[in-house]
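Structural description and commentary
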Amino acid sequence: MLDEKAYKQRVYIEEIHQHVGEEVILAGWLSNKRSSGKIHFLLVRDGTNTIQCVVVKGECPDEVFEAYNQLSLESSLLVKGLVKEDRRSPLGYELLVTDLRIIHRAEEYPIGKKEHGIDFLLDHRHLWLRHRRPFAVLRIRHQVVKAIRDFFNSRGFVLVDTPIFTPAACEGTTTLFETDYFGEKAYLTQSGQLYAEAAAMAFGKVYCFGGTFRAEKSKTRRHLTEFWMVEPEVAYADLDDNMKLAEDFVSHIVQHVLENCQMELNMLERDTSRLEKVSPPFPRITYDEAVQILHDNQIDFQWGDDFGGTDETVISNQFDKPVIVHRYPAAVKAFYMKRDPQNPDLALAMDVLAPEGYGEIIGGSQREDDYDTLVQRLEEHNLPREAFEWYLDLRRYGSVPHSGFGLGVERTVAWICGTHHVRETIPFPRTIYRLTP
Ligand code: 4AD
Ligand code: MG
């Protein structure tokens, strides 16, 4: 039998095409098995992909053939075998097994072949990660994150990590997670934006990227309580510059995934024809025009309200690319947004709505850069001035027009993957009802 250290010579399944006709060792887990009596079929995955391994009586030592009976699902094992091309299999290759070693015989595995409910699967997320859908979705997430970093790094943005413990709200006081900070109140960050603004005055163009937290009581398919957001911030940039950056950015992410994740998109049976159209420029409409679209579609919507999920779907369904909606009523937007000089009831805000009903993936704005106006906004929003003194300093010392936005990673991944709910797009989701595993 194979030595237990034989994994040191292993090759990865994703590289198997380089070894056709050779004998190789794989190190992985058994994801499924079946047998016709004289031939056993083992589906072995190693994290990079899954391969069918064929064990034929007489073509391997008897004890290897007999080991089949002891192999429970998710047992870890080393397999040695000859790589053969196999057009019928999804991978295109199979392994004719010559040797095998069980590293650990798994106990009876809780996730079976039968259909499980989503709650059961999420309770077993630590194991469910090993399965086909999470494999595809989370590998796409990985590429989305890579594309995000590559985009900003290649354009000269400086990464600035912003704090997770914060003294004040950025995105409204109703969704703050409060915690005790040595006898003082602290909040988990809702957004790194205010700090990114400070950093933009120091480095010109920056981005922060990290976990953000919101005590969202809304139980929708688009809300998590912990999600990842990337937030660029640019000094000397107005709303138009911001929209341009956003459409270039989203297009880059989508094109990167199309180029690097064909296998994963196929596994998810994602129709990619809509994704292929994602390139600049994106249609831009004002909030007023968006409201008109809702009214034209017989939706009962009051001017001045914020769009709900269904509204966003109706608006985005008019376009075959993401659509940028700009100039929202200031009353529904955050304190830091600059007002439109043409109409002070409007904020120089913009949201990017993804197609196919995935809703808002980006929220951003040009920022209020005038000291007195910002002081007034803090008062209007009942925000404690002391906690924002440092932020006001940015308007005391060399204030400039500046803009930025935040893109939610989970909503972006959900859209690209075509998954119904954002909870599948993060390894260990946190929602109003879920803190485990
Ligand atoms: O529109 P939001 O609230 O904008 C901000 O936080 C700004 N400070 C960003 C900035 O200008 N720097 O959130 C930005 C994005 C949303 O468009 C959405 O994609 C995502 O973050 N998001 C959520 N994703 C999952 N669950 C939630 N509860 C989310 N809330 C926002
Ligand atoms: Mg928003």
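What you see is a predicted model; the values in this text were computed from it and never measured. (Residues numbered from 1 in each chain as written. Chains lettered and ligands numbered in written order. Predicted model: local features only at pLDDT ≥ 70, side-chain atom pairs only at ≥ 80, totals over all residues. Heavy atoms only, no water.)

**Quick notes on the pairing of strand S9 (residues 184–188)**
We count it as follows: By this definition, two strands are paired if DSSP reports at least two bridges between them. Helix and strand assignments follow DSSP, with helices taken as H or I runs no shorter than four residues and strands as E runs no shorter than two, numbered in order from the N terminus.
Across 2 bridges, the pairing between strand S7 (residues 165–166) and S9 is antiparallel. Looking at the pairing, Thr166 lines up with Tyr187 of S9. Of the pairings in the sheet, the one linking strand S8 (residues 178–181) to S9 comprises 4 bridges and is antiparallel in character. Bridge pairing in S9 places Thr179 opposite Ala186.

**Some details on the pattern of salt bridges**
A pair can form between side chains of opposite charge whenever their charged atoms are brought close. To keep things clear, this is the line we draw: Salt bridge, as used here, is a side-chain nitrogen of Lys or Arg placed within 4 Å of a carboxyl oxygen of Asp or Glu. Whether a residue is buried, partly exposed or exposed follows from its accessible area with a 1.4 Å probe, protein chains only, as a fraction of its type maximum: under 20%, in between, or over 50%, in that order.
Taken as a whole and assessed by the stated rule, the structure comprises 25 salt bridges. A salt bridge links Arg45 to Glu74, with the nearest nitrogen and oxygen atoms 2.6 Å apart. In this pair, Arg45 sits in strand S2 (residues 39–45) while Glu74 sits in the loop between helix H1 (62–66) and strand S4 (76–85), placing the two residues 29 residues apart along the sequence. Here the two residues Arg45 and Glu74 agree in accessibility, since each one is buried.

**Some remarks on the sheet that holds strand S1 (residues 23–35)**
Inclusion rule: Here, axes are lines fitted to C-alpha atoms. For helices the fit covers the stretch in contact, and angles between N-to-C directions go from 0 to 180 degrees.
Sheet architecture is closed into a barrel: 5 strands sit in the order S1-S2-S3-S5-S4, paired in mixed fashion. The average angle at which neighbouring strand axes cross in this sheet is 55°, direction not considered. Sheet analysis places S1 next to S2, joined by 6 bridges and oriented antiparallel. The residue of S2 that forms the bridge with Asn32 is Leu43.

**Considering helix H5 (residues 193–203)**
Along H5, the positions that sit buried rather than exposed are Gln193, Leu194, Ala196, Glu197, Ala199 and Ala200. Gly204, located one to two residues past H5, shows a positive phi value of around 85°.

**A few points about the site of ligand 1**
In plain terms, the rule: We call a residue near a given molecule or strand whenever any one of its heavy atoms falls within 4 Å of it. Here a polar contact is recorded for every N or O atom pair within 3.5 Å, except that within protein the pair must consist of a potential hydrogen donor and a potential acceptor, and residues adjacent in sequence are included only if both atoms are side-chain atoms. The protein chains shown are the only cover counted for residues, whose accessible areas, like all others here, come from Shrake-Rupley with a 1.4 Å probe. Ten residues, namely Ala, Val, Leu, Ile, Met, Phe, Trp, Tyr, Cys and Pro, are considered nonpolar, four, namely Asp, Glu, Lys and Arg, are considered charged, and the remaining ones, Gly among them, are considered polar.
Ligand 1 sits among 23 residues. The nearest are Glu171, Gln193, Arg214, Glu231 and Glu360. Within the side chain of Arg214, a nitrogen or oxygen atom sits 2.8 Å from an oxygen atom of ligand 1. When the free accessible area of ligand 1 is taken as 630 Å², the share hidden by the protein chains comes to 94%. Ranked by residue count, the leading element in the shell around ligand 1 is strand S16 (residues 359–366), at 5 residues. Taken together, the residues of the shell around ligand 1 sort by class into 7 nonpolar, 8 polar and 8 charged.

**Brief notes about the domain arrangement of the protein chain**
We apply this condition: The split of the chain into domains comes from an automatic or database domain assignment. Working rule for contacts: check all heavy atoms of both residues, and any pair within 4.5 Å makes them a contact. Accessible area that two parts lose when put together, evaluated with a 1.4 Å probe and summed over both, is termed the buried area.
One can read the domain layout of the protein chain as domain 1 (4–104) and domain 2 (125–425). Put simply, the middle of domain 1 and the middle of domain 2, counted by C-alpha atoms, are 45 Å apart. Tallying the contact residues gives 7 residues for domain 1 and 4 residues for domain 2. A buried area of about 430 Å², summed over both sides, lies between domain 1 and domain 2, and 41% of it is on carbon and sulfur atoms. Per-residue buried area on domain 1 facing domain 2 is highest for Arg45, Asn49 and Glu74; these three make up 61% of the total on that side. Along the contact surface separating domain 1 from domain 2 lie 1 residue pair in polar contact (both at pLDDT 80 or more).

**With respect to the sheet that holds S8**
Here we have 3 strands laid out as an open sheet, ordered S7-S9-S8, and antiparallel in their pairing. The sheet is open, and its two borders are formed by S7 and S8, each paired with just one other strand.

**Observations regarding the nonpolar core**
Going by this rule: Throughout this description, the term nonpolar core refers to a set of buried Ala, Val, Leu, Ile, Met, Phe, Trp, Tyr and Cys residues connected via side-chain atoms within 4.5 Å.
Formed by 53 residues in total, the largest nonpolar core has its most connected members in Ile148, Trp415 and Ile416. With 10 residues, the single largest contributor to this core is helix H6 (residues 239–260). Ignoring any residue separated from it by four or fewer positions in sequence, one finds Ile416 in contact with Ile140, Val144, Ile253, Val254, Val257, Leu265, Arg270 and Leu275. Of all hydrophobic cores here, the second largest spans 34 residues; its members include Cys170, Phe301, Leu374 and Leu383.

**Focus on the side chain of His19**
Examined against the element boundaries, His19 turns out to sit in the segment before S1. A polar contact is formed between the side chain of His19 and the side chain of Glu22, at a distance of 2.8 Å. When sequence neighbours within four positions are dropped, the list of residues in contact with His19 reads Val11, Val24 and Val83.

**Description of the side chain of Thr166**
You can see Thr166 is positioned in strand S7. Note on Thr166: relative accessible area 6%, which makes it buried. Here Ala168 takes part through its backbone oxygen, which lies 3.5 Å from a polar atom of the side chain of Thr166. In contact with Thr166, other than residues within four places in its own chain, are Ala186, Tyr187, Leu188, Thr189 and Tyr195.

**Overview of the environment of Leu26**
Mapped onto the elements, Leu26 comes out in strand S1. Apart from the residues within four sequence positions on either side, Leu26 is in contact with Arg10, Val11, Ile13, Ile16, Ile51, Leu77, Leu78, Val79 and Leu95.

**Concerning unusual backbone geometry**
Pro281 follows Pro280 through a cis peptide bond whose omega is -5°. Along the chain, Pro281 falls in the loop between helix H8 (273–276) and strand S12 (284–286). A cis amide bond links Thr436 to the next residue, Pro437, at an omega of -5°. Among the secondary structure elements, Pro437 is positioned in the segment after helix H13 (409–417). Within the chain, Asn382 stands out as a residue other than glycine whose phi angle is a positive 55°. Structurally, Asn382 is set in the loop between helix H11 (371–380) and helix H12 (389–396). Residue Asn382 is classed as exposed on the basis of its relative accessible area of 70%.

**What about a nonpolar patch on the surface?**
Let me state the cut-off plainly: Excluding any residue in a salt bridge, patches collect residues exceeding 30% relative accessible area, merging like charges within 9 Å and nonpolar Val, Leu, Ile, Met, Phe, Trp and Tyr side chains within 5 Å.
A cluster of nonpolar side chains, namely Phe165, Tyr181 and Phe182, defines an oily patch on the protein surface of about 400 Å² accessible area. With respect to the helices and strands, the residue Phe182 is situated in the loop between S8 and S9.

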